[in-house]
Amino acid sequence: MTSLEDMMRDRECAIASGTDVPSATTIGALGSVARRRRRTRSAIAAGAAVAAVGVIGGVGALALGARADAPAPAAPTSSASPSASAVPGPTASASPSAEPSADPDLPEAQIVPGYAPVPQLSAEAIPWGEVGPGWFVVALHDDVDQQTLFADQIDPWDPAVLPAYDGSLSLVSPDGDWYAARTLDELGSGLPLAWDGANLWTGTTVHPGSEHAFYDIDLVSVETGALAGSIDTVPWELAAPFAPGEALVYAWGGEGLANVVATAAPGGAGACSDLPRGFFAAGWEPRDMSFLYSRVDGGRIVCFAFADDSSRTRAWLVDVDDVARSELLAEFAHPATRYSFVGWIDDDTFFFARRPESGPGAEALFRYDLRDGSITEVDASIYADVHYRSTEGYFHRASQRHIVTSLVDGGWEVALYGLDGSPVATIEGVCPSDDRGLSSETRTSGDRLIVTCPTDGDVAMYDLGSGAAVGSWDVGTGRILQTFDHPDR
């Protein structure tokens, strides 16, 4: 290994140990090839309280046992089984539609030059006061071969300034209304990376790394076009905004995964990498990491870190505003590589999983209650096949749905389950992968799910309450298609 590579790895090890490093969000699916119309079908399951069904099948009613996860003597004990009705799920939209609202004061939606070839309302018609969870940004722009960015570099490790991208941003409402929000030219140069509900995060400079790239990022208001802040040297792997100007990021740092908060505000914020013992996660987490964040008490996340004895794990409730106020929840009898956070249920409870020593998925699933420190084991069959790249799974608090997304041959499948594990719907669609193996991408916000297929140029929205289709649109191929969700707060 060269001294330069050693230097880069040392820098990334510093990231993993919790140094002051900010972040942003992952690039959506890149590349487009031959066009093929997507066929989508929804198979809506009966909403009865039946046994939980895994992605590939399998049956098992919720096992609301009293066994905790072999905690150390100081760890909390289990409690009585919770009631699934305590936190009701959402109801389906009365009549989801892809057509714009029939408001006589609004102009008719039409194709807008420079934007996705979908009938859209103008930017002046955007109801900014209503933009929130359930809304999405769809970015459509030309590609730039990043290899050519470094072609004239004397030193291949030198940073490269990203050019202006030719394209546009459309806002999509929960009802399926499209709005021509901004052209990328109006927002300045750079690669669209994320949307935090107010600002577009654009990568302006890329720094090569031995594990992944680092970006300098500008935050630009989509409503006004004004610069809202900048963040330098962001480790780029998995990231997602959770509030305007703030994002959680996971990035490989050479000694495990770094988990930090990227923020444009002075003073920064804390995350798992700021724990006294550091942080490690095996990484079945989905690409949209915002589900880790709870807005309560200024923001908090759950982290699994090695205990003093690295064969054991300490579970922490980390205070994002002040890591010094973080709370040690429990100590478990297996290494930190065996645990994954699954999702917040409400302000006081969350799901977490214990992974097998080898193989995908969860061998056990638990519900943790912060009010009394109790742990209750529940059925884990929903997450039996979760394995990061091919199958992702987590619990989505806003919709009260377990969401398991799988990439299958030539297509995708999203299985929705209620809080109690009962199947709600299975949604499927065709999406061929491109020559880099990239296929569909799924995003959730509020009570909406959106699936994009960049190789076919398809965008489809669904109601998370029922799995019913809200609308589907063909934006064409030959350009980069990205979708960003509004953070659930």
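## Some points on the overall build of the chain
Now for step 1: If you tally the helices and strands in the chain, you get two helices and 30 strands.
Now for step 2: Expressed as a percentage of its 489 residues, the buried residues of the chain come to 57%.
Now for step 3: Long-range pairs, those at least 24 residues apart, make up 58% of the contacts in the chain with a sequence separation of at least 6.
Now for step 4: Approximately 18900 Å² of the chain is accessible, and the part contributed by carbon and sulfur atoms is 50%.

## Structural notes on the pairing of strand β16 (residues 313-319)
Now for step 1: Of all seven residues making up β16, six are buried, and the element is well covered by its neighbours.
Now for step 2: As paired elements, strand β15 (residues 300-306) and β16 share seven bridges and run antiparallel to each other. Bridge pairing links Cys-303 to Trp-316 in β16.

## Some details on the state of the cysteines
Now for step 1: Scanning the model with the defined rule gives two disulfides in all.
Now for step 2: Sulfur-sulfur distance for the disulfide between Cys-272 and Cys-303 comes to 2.0 Å. Residues Cys-272 and Cys-303 share a disulfide whose torsion about the S-S bond is about -85 degrees; that sign makes it left-handed. Of this pair, Cys-272 sits in the loop between β14 (257-263) and β15 while Cys-303 sits in strand β15, and the two are 31 residues apart along the sequence.
Now for step 3: You can call Cys-303 buried: its relative accessible area is 0%.
Now for step 4: Here Cys-431 engages in a disulfide with Cys-453; their sulfurs sit 2.1 Å apart. Taking the torsion about the sulfur-sulfur bond, which here is approximately 95 degrees, the covalent link between Cys-431 and Cys-453 counts as right-handed.

## Thoughts on the nonpolar core
Now for step 1: Among the nonpolar cores identified, the biggest contains 51 residues, and Ile-301 and Phe-352 are the most heavily contacted of them.
Now for step 2: Element by element, the count of residues in this core is highest for β15, at five residues.
Now for step 3: With near-sequence residues (within four places) excluded, Phe-352 lies in contact with Phe-304, Phe-332, Tyr-339, Ser-340, Phe-341, Val-342, Ala-364, Leu-365, Phe-366, Tyr-368 and Ile-375.
Now for step 4: Val-131, Leu-162, Trp-236 and Ala-247 belong to the second largest nonpolar core, which has 36 residues in total.

## With respect to the sheet that holds strand β26 (residues 441-445)
Now for step 1: Strand order in the open sheet formed by four strands is β26-β27-β28-β29, and the pairing between neighbours is antiparallel. Unpaired on one side and paired on the other, β26 and β29 (469-474) mark the two borders of the sheet. Pairs of neighbouring strands in the sheet enclose a mean axial angle of 15 degrees, with direction left out of account.

## Remarks on the pattern of salt bridges
As a working rule, side chains carrying opposite charge can pair if their charged atoms are close by.
Now for step 1: Evaluation of the coordinates by the stated rule reveals 18 salt bridges.
Now for step 2: The partner of Arg-325 in a salt bridge is Asp-319, with the nearest N and O atoms 3.0 Å apart.
Now for step 3: Among the salt bridges present, the one from Arg-443 reaches Glu-441, with a minimum N-O distance of 3.1 Å.
Now for step 4: Residue Arg-443 is classed as buried on the basis of its relative accessible area of 5%.

## Examining the sheet that holds strand β7 (residues 178-183)
Now for step 1: Taken in spatial order, the four strands of this open sheet run β7-β6-β4-β30, and their pairing is antiparallel. This sheet does not close on itself; its edge strands, each paired only once, are β7 and β30 (480-485). Recorded for the sheet is a direction-independent mean angle of 25 degrees between the axes of neighbouring strands.
Now for step 2: Across six bridges, strand β4 (residues 136-141) lies against β30 in antiparallel orientation. Bridge assignment links Val-137 to a residue of β30, and that residue is Phe-484.

## Concerning the environment of Asp-322
Now for step 1: As for its placement among the helices and strands, Asp-322 is situated in the loop between β16 and β17 (327-332).
Now for step 2: Using a relative accessible area of 28% as the deciding quantity, one classes Asp-322 as partly exposed.
Now for step 3: Residues Asp-322 and Arg-300, 22 residues apart in the sequence, show an inter-C-alpha distance of 9.5 Å.
Now for step 4: There is a polar contact of 3.0 Å between the side chain of Asp-322 and the backbone nitrogen of Ala-324.

## Observations regarding unusual backbone geometry
Now for step 1: The residue Thr-233 is not glycine, and still its phi comes out positive at about 50 degrees.
Now for step 2: Examined against the element boundaries, Thr-233 turns out to sit in strand β11 (residues 227-235).
Now for step 3: Phi is positive for Asp-297, which is not a glycine, with a value near 55 degrees.
Now for step 4: Relative to the elements of secondary structure, Asp-297 occurs in the loop between β14 and β15.
Now for step 5: Assessed through its relative accessible area of 57%, Asp-297 is described here as exposed.

## A look at the packing of aromatic side chains
In this description, a pair of aromatic rings is defined by centroid distance and the angle of the planes.
Now for step 1: All told, the structure shown has 18 aromatic pairs when counted by the stated rule.
Now for step 2: Plain terms: the ring middles of Phe-351 and Phe-395 are 5.3 Å apart, the flat faces sit at 70 degrees to each other, and that makes the pair edge-to-face. Highlighted residues: Phe-351 in strand β19 (residues 349-354) and Phe-395 in strand β22 (residues 391-396), separated in sequence by 44 residues. Each member of the pair Phe-351 and Phe-395 is classed as buried.
Now for step 3: Every member of this aromatic cluster is reached through a ring pair, and the members are Phe-291, Phe-304, Phe-332, Tyr-339, Phe-341, Trp-344, Phe-350, Phe-352, Phe-366, Tyr-368 and Tyr-394.

## Some details on the confidence of the model for the chain
Now for step 1: Mean pLDDT over the chain works out to 76, with 72% of the residues at or above the 70 mark.
Now for step 2: Segment residues 1-101 is flagged for pLDDT under 50; beyond a separation of four residues in sequence, or across chains, it makes 289 contacts in the model.

## Examining the environment of Ser-390
Now for step 1: Positionally, Ser-390 belongs in the loop between β21 (374-378) and β22.
Now for step 2: Among residues more than four places away in sequence, those in contact with Ser-390 are Thr-405, Ser-406 and Leu-407.

Analysis parameters
- Residues numbered from 1 in each chain as written.
- Predicted model: local features only at pLDDT ≥ 70, side-chain atom pairs only at ≥ 80, totals over all residues.
- Heavy atoms only, no water.
- Helix = DSSP H or I, 4+ residues; strand = E, 2+ residues; numbered from the N terminus.
- Buried < 20%, exposed > 50% of the residue type's maximum accessible area, 1.4 Å probe, protein only.
- Contact = heavy atoms within 4.5 Å.
- Areas by Shrake-Rupley, 256 points an atom, 1.4 Å probe, with all protein chains shown as cover.
- Pairing = 2+ DSSP bridges.
- Disulfide = S-S within 2.5 Å.
- Core = buried A, V, L, I, M, F, W, Y, C linked by side-chain atoms within 4.5 Å.
- Axes fitted to C-alpha atoms, helices over the stretch in contact; angles between N-to-C directions.
- Salt bridge = Lys/Arg side-chain N within 4 Å of Asp/Glu carboxyl O.
- Polar contact = N/O pair within 3.5 Å; in protein donor to acceptor, adjacent residues only side chain to side chain.
- Phe/Tyr/Trp six-rings, centres within 6.5 Å; stacked < 30°, edge-to-face > 60°.
- pLDDT = per-residue confidence, 0-100.

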